[in-house]
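Results of the structural survey
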Amino acid sequence: MSNLPLDGILVVALEQAVAAPYCTSRLADAGARVIKIERPEGDFARNYDHVAHGESAYFVWLNRGKESVVLDIKDEGDAAFLHRMLTKADVFVQNLAPGAAERAGFGSAALRDRHPRLITVDISGYGENGPYRDMKAYDLLVQSESGLASITGAPERPGRVGVSVVDIACGMYAHAGVLQALFERERTGRGKGLAVSLFDAVADWMTVPLLHQDYGGKAPPRVGLNHPSIAPYGAYALGDGKEVVLSIQNEREWRTFCREVLERPELAGDERFDSNTKRVANRPALDAAIAAVFGRLTREQAVDRLKRARIAFGSLNSVADLSVHQQLHRVEVPTPTGPVSIVMPPQRWSGETYEPGPVPAVGEHGANLRREFAE
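Attention here is on the structure that accompanies the text. (Residues numbered from 1 in each chain as written. Predicted model: local features only at pLDDT ≥ 70, side-chain atom pairs only at ≥ 80, totals over all residues. Heavy atoms only, no water.)

**A few points about the packing of helix H10 (residues 251–261) against helix H12 (residues 283–294)**
What describes two packed helices is the angle between their axes and the distance between those same axes. Interhelical geometry of H10 versus H12 gives an angle of 30° and a closest axis separation of 12 Å. Judged by the sense of rotation from one axis to the other, the crossing of H10 with H12 is left-handed. For the pair H10 and H12, the contacting residues are Trp254, Phe257 and Val261 in the first and Leu286, Ile290, Val293 and Phe294 in the second. Tallied by class, residues from the contact of H10 with H12 come to seven nonpolar, no polar and no charged. (Axes fitted to C-alpha atoms, helices over the stretch in contact; angles between N-to-C directions. Helix = DSSP H or I, 4+ residues; strand = E, 2+ residues; numbered from the N terminus. Left-handed = near helix turned anticlockwise from the far one by under 90°. Contact = heavy atoms within 4.5 Å. Nonpolar A, V, L, I, M, F, W, Y, C, P; charged D, E, K, R; others polar.)

**Notes on unusual backbone geometry**
Residue Ala231 is joined to Pro232 through a cis peptide bond whose omega torsion reads -5°. Mapped onto the elements, Pro232 comes out in the loop between helix H9 (207–216) and strand E7 (233–237). Phi is positive for His53, which is not a glycine, with a value near 35°. Non-glycine residue Glu263 carries a positive phi angle of around 55°. Along the polypeptide, Glu263 turns up in the loop between H10 and helix H11 (276–281).

**Brief notes about the side chain of Gln143**
Its place among the elements puts Gln143 in helix H6 (residues 139–145). The buried category is assigned to Gln143, whose relative accessible area is 0%. A distance of 2.7 Å separates the side chain of Gln143 from the side chain of Asp139, its partner in a polar contact. Residues in contact with Gln143, not counting those within four places in the same chain, are Leu148, Ala149, Arg160, Val161, Val163, Val165 and Val166. (Buried < 20%, exposed > 50% of the residue type's maximum accessible area, 1.4 Å probe, protein only. Polar contact = N/O pair within 3.5 Å; in protein donor to acceptor, adjacent residues only side chain to side chain.)

**Digging into H10**
Three- or four-residue spacings in an α-helix give side chains the same orientation, since the helix completes a turn every 3.6 residues. All buried positions along H10 are accounted for by Glu253, Trp254, Thr256, Phe257, Cys258 and Val261. In the core, the buried residues of H10 are packed alongside strand E8 (243–247), H11, H12 and helix H13 (299–309). Backbone nitrogen of Arg252 and a side-chain oxygen of the N-cap are separated by 3.2 Å at the start of H10; the cap is Asn250. Directly after H10, the chain includes Glu263, whose backbone phi takes a positive value near 55°.

**Thoughts on the side chain of Asp122**
Looking at where Asp122 falls in the secondary structure, it is placed in strand E5 (residues 119–124). Arg112 provides the closest opposite charge to the buried, unpaired Asp122, separated from it by 5.8 Å. There is a polar contact of 2.8 Å between the side chain of Asp122 and the side chain of Gln94. Those residues in contact with Asp122 that lie beyond four places of it in its chain are Gln94, Ser108, Glu128, Leu194, Ala195 and Val196. (Lys, Arg positive; Asp, Glu negative; His and termini not counted. Salt bridge = Lys/Arg side-chain N within 4 Å of Asp/Glu carboxyl O.)

**A closer look at the packing of aromatic side chains**
In the structure shown here, the tally under the stated rule is eleven aromatic pairs. Ring geometry for Tyr126 versus Phe199: centroids 5.6 Å apart, planes at 40°, classification tilted. Of the two residues, Tyr126 sits in the loop between E5 and H6 while Phe199 sits in helix H8 (residues 198–205), which places them 73 residues apart along the sequence. Given a relative accessible area of 26%, Phe199 falls into the partly exposed group. Taking 6.4 Å as the distance between ring centres and 80° as the angle between the ring planes, the aromatic pair formed by Trp254 and Phe273 counts as edge-to-face. Of this pair, Trp254 sits in helix H10 while Phe273 sits in the loop between H10 and H11, placing them 19 residues apart in sequence. Exposure remark for Trp254: the relative accessible area of 1% places this residue in the buried category. The class for Phe273 is buried, based on a relative accessible area of 0%. Taken together, the ring pairs in this structure connect Tyr22, Phe44, Tyr48, Tyr58 and Trp61 into an aromatic cluster. (Phe/Tyr/Trp six-rings, centres within 6.5 Å; stacked < 30°, edge-to-face > 60°.)

**Remarks on the nonpolar core**
Residues Val11, Val91, Val93, Val121 and Ile123 are the most contacted members of the largest nonpolar core, which totals 34 residues. Those elements that provide at least two residues to this core are strand E1 (10–14), helix H1 (19–29), strand E4 (91–94), E5, helix H7 (165–188) and H8. Counting residues per element, this core draws most heavily on H7, which supplies eight residues. Ignoring any residue separated from it by four or fewer positions in sequence, one finds Val91 in contact with Ile9, Leu10, Val11, Val12, Leu118, Ile119, Val121, Val178 and Leu182. In this structure, Val261, Leu262, Ala302 and Ala309 belong to the second largest nonpolar core, which totals 24 residues. (Core = buried A, V, L, I, M, F, W, Y, C linked by side-chain atoms within 4.5 Å.)

That is the geometry; function is a separate question.
Quick look at the structure:
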């Protein structure tokens, strides 16, 4: 597909793992040309697993549409080659350890001095300053360090969010920042330096629990598959062994739920349950009242009542259920070992069809790139 929004934009990425590749994969989806710089053994995410008929699930997901070249930036010739690419680049993304790019001669400030239109993106674990600057940072470590794990899981034990949410958050913020910088450059003619850390990204997502801690005196408790500050909002067991997840968002819905789903209209006025804050405070009694009704219903009966009452609900699905979900949109992406069916990016553009670029083999484009950027 031609005439994409970022056609003509050249991105050079000294990247590995998840956060930076997430950012650049979305730039590639939008039409940017992304040149990925790898070690001789490749981005280590290539070997996280081999589930996609030999390819890593993470790597296939985050590296479609990129070109791969192998460089050793400590080698004088390879460093000179990278500098030549940067003379033509619009964006340079790197997620080496803090200070490593600068020591190798690729510090963001110095690069922008040499190339005023260049946008530089430094992705790190904890930022370029502060006592945690040099600590290694990976997704689960930052989920723990930021307090996210303390509010995730069942009441008896903290838990990990089941996907790399910290890396993804950081990559999303980096992607948004690049787009802002490109837009600003259209007005000013100058590039800009952007820094994003894994910790800062997820700390922003922790704002609501943090405000509860700072101003309410305590963070929301771990409540498993329930919402900590809205009730009823969670999973409830049914008489046939299945579960349904439902959500009540306001008092009108609560009254409707009591009347039409539970068929117990008197509960709506019960002094323990007549406001959301009271329902949260009296959640065990509330859950017992709901369970007494739902325990007599099959899933089909419960869904019929919820639909008629227009109460929001969902199924407690497995990943296997997602794989065959009627709303799941897929697309095939070419890889070195054959096509892999992945989730289609969530944006839908009118009149356009998404066509993913192939996932590169390690160094696949090295020879062509060295000719293109020769002295």
